Amino acid sequence: MTIQKNSSIYGTANLLPASKSISNRVLIINALAGNASQLHNLSDANDTQLMLRLVNSKDRIIDVEDAGTTMRFLTAYFSITNQRKVLTGTQRMKERPIGILVDALRTLGADIDYQEKEGYPPLTINGFNGQKTTSLKIRGDISSQFISAIMMVAPVLPQGIKLELEGKIGSRPYIEMTASLMAQFGVKTKFVGNLITVTPQTYTPTEFTVESDWSAASYWFAITALAEKAEVLLPRISLHSLQGDRAIVDIMKTLGVEAEIEGSQLKLSKGSITKELRWDFTHCPDLAQTVAVVCAAKGVKGSFTGLESLRIKETDRITALQNELKKIGADLIEESSQWTLVPTDKLPTRVTFATYKDHRMAMAFAPLATLMDVDIENPGVVKKSYPNYWNDLKAVGFHLTE
Ligand SMILES: O=C(O)C1=C[C@@H](OP(=O)(O)O)[C@@H](O)[C@H](O)C1
Ligand SMILES: C=C(OP(=O)(O)O)C(=O)O
């Protein structure tokens, strides 16, 4: 697919999706609350559509495709609700670790086997043999999704749980989001230091509306930063969000984007840009690609930390970024847990970007069409989190051809 260069961008990202992280949590919580909640504005992201279909499925084989939260949350949900299931996914899903979650669930009393490689999907869940312990230790540095998965099922355990997070904690706002959503469905958790305590409680069915997705919004900040002239409106988005990726407001302020609330919308417009950005992505890993591309094209030197988890997402995002940034003359150099982004000094006029079966590679590189003609391989990948991305680009004036 080709996106023709357009450096003046005006309009509304009307089809901005609802948060897939919030949607997938409320779907698990709702299932534990007897499916009696009224849920509004669930995300049209494929990850959420999968969760919607699979959480109450009677099928034995559950294919989560490439949806990480769906895989991790359903593993805990089916285990604790004593359902016999086989959980599988794409080839990439079979390379994304799940051993830490399986070990924790086994310690709790779940009977789970690996079908292929130890520590990775596919899994066979054979049921739950009664709660064996009330205290668990779990590493916090591989994926917060393991922690969220256990937290959500914890109140239905006969004796509740004390979960001690070990080592560095990554993606902490996602853990806080889990606690906050549990509270909105009537379940209290205590999260103090590295200890999460959940007593046995019952979820209350609730009416709940999902807000727009901040990770999806990040691409609109990138477009505004990169364009010569821009004014973009984002609907149904809150600055006081549960989503840690609202950090994009602060990051992009230094990269030349002003964001101000106008009624129920957020208005993005051009501001002034710095020469250097230092940022730790430990708690907002999904923003890294968006920010790296903007720095690379705008002549901003980046000093980044907290990118470790990018290696185990939809693709190895570090390698994918390094390969594709090279095509515009930029480098991402890794040196002992520090990454230096060396921006380009001369942009090409046309580039084809590979997307590595990763929605965020497609969505993060497309904004470069404000500066050059861009070809995107496998544009359909965006359906994982933002199926209407290309239509939204058209709505603000980009010209796209197959
Ligand atoms: O809990 C969630 O909804 C998510 C947590 C993050 O993953 P990690 O905890 O693996 O960093 C994030 O990258 C992912 O897109 C969604
Ligand atoms: C990492 C992501 O998702 P998941 O881990 O849920 O597949 C993402 O959406 O960028």
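Residues numbered from 1 in each chain as written. Chains lettered and ligands numbered in written order. Predicted model: local features only at pLDDT ≥ 70, side-chain atom pairs only at ≥ 80, totals over all residues. Heavy atoms only, no water.

(A) Molecular detail of the confidence of the model for the protein chain. Overall, the predicted model of the protein chain reaches an average pLDDT of 97, with 100% of residues at or above 70. The ipTM assigned to the predicted complex is 0.99, against a pTM of 0.98. (pLDDT = per-residue confidence, 0-100.)

(B) Just the site of ligand 1, in detail. The environment of ligand 1 is made up of Lys20, Ser21, Arg25, Thr69, Ser143, Ser144, Gln145, Ser171, Tyr174, Pro285, Asp286 and Lys313. One of the side-chain N or O atoms of Asp286 is found 2.5 Å from an oxygen atom in ligand 1. The separation between an oxygen atom of ligand 1 and a polar side-chain atom of Lys313 is 2.8 Å. Mapping ligand 1 onto the cavity grids shows that it belongs to the largest pocket. Of all the secondary structure elements, the ones that give two or more residues to the shell around ligand 1 are helix 1 (20-32) and helix 5 (144-153). Considering each element in turn, the shell around ligand 1 owes the most residues, three residues, to helix 1. Classifying every residue of the shell around ligand 1 gives two nonpolar, six polar and four charged. Counting only domains with at least three residues in the shell around ligand 1, you end up with domain 1 (2-13 + 213-401) and domain 2 (20-198). (Near = heavy atom within 4 Å. Polar contact = N/O pair within 3.5 Å; in protein donor to acceptor, adjacent residues only side chain to side chain. 1 Å grid on protein atoms, 1.4 Å probe; cavity = no way out; pocket = protein on both sides within 12 Å on 5 of 7 lines; lining within 4 Å. Sits in = over half its atoms within 2 Å of the grid points. Helix = DSSP H or I, 4+ residues; strand = E, 2+ residues; numbered from the N terminus. Nonpolar A, V, L, I, M, F, W, Y, C, P; charged D, E, K, R; others polar. Domains from an automatic or database assignment.)

(C) Region of the structure containing the pattern of salt bridges. According to the stated counting rule, one finds 19 salt bridges in the structure shown. One salt bridge connects Arg92 with Glu95, and the closest N-O pair in it is separated by 3.2 Å. You can call Arg92 partly exposed: its relative accessible area is 21%. Overall, the relative accessible area of 38% leaves Glu95 in the partly exposed class. The shortest N-O distance in the salt bridge between Lys384 and Glu314 comes to 2.8 Å. Linking Lys384 in the loop between strand 21 (373-376) and helix 12 (389-395) with Glu314 in the loop between strand 17 (301-305) and helix 10 (317-326), this pair joins segments that are 70 residues apart in sequence. With respect to class, Lys384 is no different from Glu314; both count as buried. Linked by salt bridges that have partners in common, Lys20, Asp47, Asp286, Glu314, Arg317, Asp358, Arg360 and Lys384 make up one network. (Salt bridge = Lys/Arg side-chain N within 4 Å of Asp/Glu carboxyl O. Buried < 20%, exposed > 50% of the residue type's maximum accessible area, 1.4 Å probe, protein only.)

(D) Main features of the layout of surface pockets. One number sums up the size of the largest pocket: a volume of about 470 Å³. What lines the largest pocket is a set of 32 residues, and nearest its centre among them are Ser143, Ser171, Pro285, Ser309 and Lys313. Of all the elements in the fold, those that place two or more residues in the lining of the largest pocket are helix 1, helix 3 (68-80), helix 5 and helix 11 (359-365). Within the lining of the largest pocket, the residues separate by chemical class into six nonpolar, 13 polar and 13 charged. When residues of the lining of the largest pocket are sorted by domain, at least three fall in each of domain 1 (2-13 + 213-401) and domain 2 (20-198). Here the second largest pocket defines a volume of roughly 200 Å³. (Points joined across faces, edges and corners; volume = space filled by probe spheres on them.)

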